[in-house]
Amino acid sequence: MADKLRALAVRALPAAVTERLTRDYDARLNPDDRTMSPEEIATAAEGCFAVICVATDTFGREVIDKLPDSVKIIATFSVGYEHVDLTAAKKRGIVVTNTPDVLTDATADIAMLCLLGAARRAWEAETMLRQGRWTGWTTTQLVGVHVTGKRLGIFGMGRIGRAVAQRGRGFGMEIHYTNRSRLPAELEHGAEFHDTPEELLRHSDFLSINAPSTADTYHFLNAERIALLPDSAVVVNTARGTLVDDEALIAALKSGKLAAAGLDVFEGEPKVDPRYFDLPNAFLLPHIGSATVETRNAMGFICLDNLDAVAAGRPAPNALT
Ligand code: DGY
């Protein structure tokens, strides 16, 4: 029997994914899920044809240039790929793949959790209960922002944005969006397109950020743009922390310009600007958009499908380079 090809997973993987990886490849694993330095990755990748990484592993030029020549594919266990330098990989002849589609629903669900959690003050309510401070129902207690009939503005109407729109419609919301290009009518489902982010913001009682992290979207939501939102709007971010200027968002949450924010992602995560922790109107989650068993397994299996294709000399189905 031919020797198995060697593959490195720089982070721990779900059990079912690890099982298939070790069944089909000579796998180098990181069961402790320790963050590896570029030097450690380069050493561990010796003789490997594949490297599997995740969204929080930075695979910039300095890491990619150190990889041994044996590496033919970097499969990121994520739909986002801003952490991988595609140009550097391409230069080295390394295919980079991601995991689109399978996390759309799970991430859109978390966007709704953030939207509802922020609008209905879920953190404050649960904390009051758990801390034994609930003295009984009152007409004015924990009154939040009504969702039904409100305008949900979506910045970035890709797969996840459209799944958020579908959920928003289910909650009786009116959908507005902006996108690089207008969607065909059959994908719009009656949503109102705005040519510019600025126009979208003026029409968003709720704003859901669903665009990728790029140089163009860096700090998209800054003080000037927050000022365009209606007073008492709610902001939801399940895309990437880099799209939000934390300084501006925190100021708007403190001043009451915004009623609340629901955030699943943070710039510089896992470090989070500690000022968010003092804000009762911030509903915060630790980047769990794709965290369901089904989704995480599916993401891992897509990584492995891509490894299998490259190992067999076929084009990788999710090649980005
Ligand atoms: C992704 O896949 O890009 C997500 O952010 C990880 O859940």
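See above for the structure.
Residues numbered from 1 in each chain as written. Predicted model: local features only at pLDDT ≥ 70, side-chain atom pairs only at ≥ 80, totals over all residues. Heavy atoms only, no water.

Attention now moves to the packing of helix α1 (residues 15-24) against helix α12 (residues 293-311). Packing of α1 against α12 leaves a shortest axis separation of 8 Å and a crossing angle of 20 degrees. The angle between α1 and α12 places the two elements in the roughly parallel class. For the crossing formed where α1 meets α12, the hand is right-handed. Residue-level contacts link Ala16, Val17, Arg20 and Leu21 of α1 to Arg296, Asn297, Gly300, Phe301, Leu304, Asp305, Leu307 and Asp308 of α12. (Axes fitted to C-alpha atoms, helices over the stretch in contact; angles between N-to-C directions. Helix = DSSP H or I, 4+ residues; strand = E, 2+ residues; numbered from the N terminus. Parallel < 35°, antiparallel > 145°, perpendicular 65-115°, else oblique. Left-handed = near helix turned anticlockwise from the far one by under 90°. Contact = heavy atoms within 4.5 Å.)

Ordered in space as β2-β1-β3-β4-β5, the 5 strands form an open sheet in which the pairing is parallel. Sheet topology places β2 (26-28) and β5 (95-97) at the edges, where each strand pairs with a single neighbour. The mean angle between the axes of side-by-side strands here comes to 20 degrees, regardless of whether they run parallel or antiparallel. Against the sheet, α12 contacts β1 (6-9), β3 (48-54), β4 (73-77) and β5, and its axis sits at roughly 170 degrees relative to β4. (Pairing = 2+ DSSP bridges.)

Turning to the nonpolar core, a few remarks are in order. Counting 49 residues, the largest nonpolar core has Leu21, Ile52, Phe206 and Leu307 as its most contacted members. Top contributing element to this core by residue count: helix α5 (residues 104-119), with 8 residues. Two domains each provide a minimum of three residues to this core, namely domain 1 (6-102 + 293-311) and domain 2 (104-284). (Core = buried A, V, L, I, M, F, W, Y, C linked by side-chain atoms within 4.5 Å. Buried < 20%, exposed > 50% of the residue type's maximum accessible area, 1.4 Å probe, protein only. Domains from an automatic or database assignment.)

We now examine the pattern of salt bridges. Using the criterion set out here, one finds 22 salt bridges in the structure. A salt bridge links Asp57 to Arg11; the nearest nitrogen and oxygen atoms lie 3.5 Å apart. Placement of the pair is Asp57 in the loop between β3 and α3 (61-64) and Arg11 in the loop between β1 and α1, with a sequence separation of 46 residues. The exposure classification of Asp57 matches that of Arg11, with both residues buried. One salt-bridge network, held together by shared partners, links Arg11, Asp33 and Asp57. (Salt bridge = Lys/Arg side-chain N within 4 Å of Asp/Glu carboxyl O.)

So, on to the site of the ligand. Taken together, Ser78, Val79, Gly80, Leu103, Arg240, His287, Ser290 and Met299 make up the full set of residues near the ligand. Taking Val79, its main chain carries an N or O atom lying 2.7 Å from an oxygen atom of the ligand. Residue Gly80 places a main-chain N or O atom 2.9 Å away from an oxygen atom belonging to the ligand. For the ligand, whose accessible area on its own is 240 Å², the fraction buried by protein is 88%. Within the shell around the ligand, the residues separate by chemical class into 3 nonpolar, 4 polar and 1 charged. (Near = heavy atom within 4 Å. Polar contact = N/O pair within 3.5 Å; in protein donor to acceptor, adjacent residues only side chain to side chain. Areas by Shrake-Rupley, 256 points an atom, 1.4 Å probe, with all protein chains shown as cover. Nonpolar A, V, L, I, M, F, W, Y, C, P; charged D, E, K, R; others polar.)

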